[in-house]
Amino acid sequence: MLEFVHNHITKELEQNTKTDIIFILTAIILNLITLGINSGMAEKSRTVNSALIVMFVFVTLIVLVNVVVIIGLLKGRQTRTKLVTGLMSMYKDQNVSKYYDESLLGNYNVRYNLFIMVVVCTGVIAAIVPFISR
């Protein structure tokens, strides 16, 4: 039974990683695409009000998607912490905890913070740069 629980937790960790990757790539790609679209529309928006409205719609999309991604990453971090904590408890019970360094939990948290920072920075750039160049 212990092996079954261990396999289940490691599969959950793998799924958590895949979900995080999808969130991060979605946000960054959307931010870069929107940056390109809004930058292309920036000059046109000086004379055509509808272009300016479209730019604001894209900025709203950026904000909404980035908020969803950040919430997803925060939940992913919580999930990973709980799963790894469970693994650590299992390893301690089986006297094999010396093979898994508990400081990895802190490293995971730093990594999640960096991912969130990348999403926020690309989102801010995608939202602001086209309006500056306008």
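Refer to the structure above for everything that follows.
Our subject in this report is the structure included herewith. (Residues numbered from 1 in each chain as written. Predicted model: local features only at pLDDT ≥ 70, side-chain atom pairs only at ≥ 80, totals over all residues. Heavy atoms only, no water.)

Attention now moves to the overall build of the protein. Looking only at helices and strands, one finds three helices and zero strands in the protein. Ordering the α and β elements of the protein from the N terminus gives α-α-α. For the protein, the C-alpha atoms occupy an extent of roughly 70 × 25 × 15 Å along the three principal directions. Within the protein, the proportion of its 134 residues that are buried is 34%. When contacts within the protein are restricted to residue pairs at least 6 apart in sequence, long-range pairs at least 24 apart make up 79% of them. As presented, the protein carries roughly 8400 Å² of accessible surface, and 68% of it is formed by carbon and sulfur atoms. (Helix = DSSP H or I, 4+ residues; strand = E, 2+ residues; numbered from the N terminus. Buried < 20%, exposed > 50% of the residue type's maximum accessible area, 1.4 Å probe, protein only. Contact = heavy atoms within 4.5 Å. Areas by Shrake-Rupley, 256 points an atom, 1.4 Å probe, with all protein chains shown as cover.)

What follows covers the packing of helix α2 (residues 49–93) against helix α3 (residues 104–133). Between α2 and α3, the least distance of the axes is 10 Å, while the angle of their chain directions is 180°. When the axis of α2 is compared with that of α3, the two are roughly antiparallel. (Axes fitted to C-alpha atoms, helices over the stretch in contact; angles between N-to-C directions. Parallel < 35°, antiparallel > 145°, perpendicular 65-115°, else oblique.)

What follows concerns the side chain of R77. Here R77 is to be found in helix α2. Although R77 lies buried, it forms no salt bridge, and the closest oppositely charged side chain, D20, sits 9.4 Å away as judged by the N-O distance. Leaving out residues up to four positions away in the same chain, R77 has contacts with N109, Y112 and N113. (Lys, Arg positive; Asp, Glu negative; His and termini not counted. Salt bridge = Lys/Arg side-chain N within 4 Å of Asp/Glu carboxyl O.)

Okay, the packing of aromatic side chains next. Per the counting criterion, the structure on display carries three aromatic pairs. Seen from their ring centres, Y91 and Y100 are 6.0 Å apart, and the 55° between their planes marks the pair as tilted. When the ring of Y112 is compared with that of F115, the centres are 6.4 Å apart and the planes differ by 75°; the resulting orientation is edge-to-face. Taken together, the positions of Y112 and F115, both in helix α3 and three residues apart, correspond to about one turn of that helix. A cation over a ring is seen here: R80 above Y108, with NZ or CZ 4.9 Å from the ring centre. (Phe/Tyr/Trp six-rings, centres within 6.5 Å; stacked < 30°, edge-to-face > 60°. Lys NZ or Arg CZ within 6 Å of the ring centre and 35° of its normal.)

A separate point is the side chain of R80. If you trace the backbone, R80 turns up in helix α2. Despite being buried, R80 has no salt bridge partner; D20 is the closest side chain of opposite charge, sitting 5.0 Å away. Setting aside residues up to four positions removed in sequence, R80 forms contacts with L13, N16, T17, Y108, R111 and Y112.

With that settled, the discussion passes to the environment of I116. The residue I116 is located in helix α3 in this model. For I116, a relative accessible area of 13% gives the class buried. For the pair I116 and N66, spaced 50 residues apart in sequence, the C-alpha to C-alpha distance is 9.2 Å. Ignoring anything within four residues of it in the chain, the contact list for I116 reads I70, L73 and L74.

This brings us to the environment of N31. Within the element layout of this structure, N31 appears in helix α1 (residues 2–42). In this structure N31 touches I62, N66, V119, T122, G123 and A126, once residues within four positions along its chain are discounted. In this structure the side chain of N31 is engaged in a polar contact, spanning 3.5 Å, whose partner is the backbone oxygen of V119. (Polar contact = N/O pair within 3.5 Å; in protein donor to acceptor, adjacent residues only side chain to side chain.)

As far as function goes, none of this settles anything; it's purely spatial.
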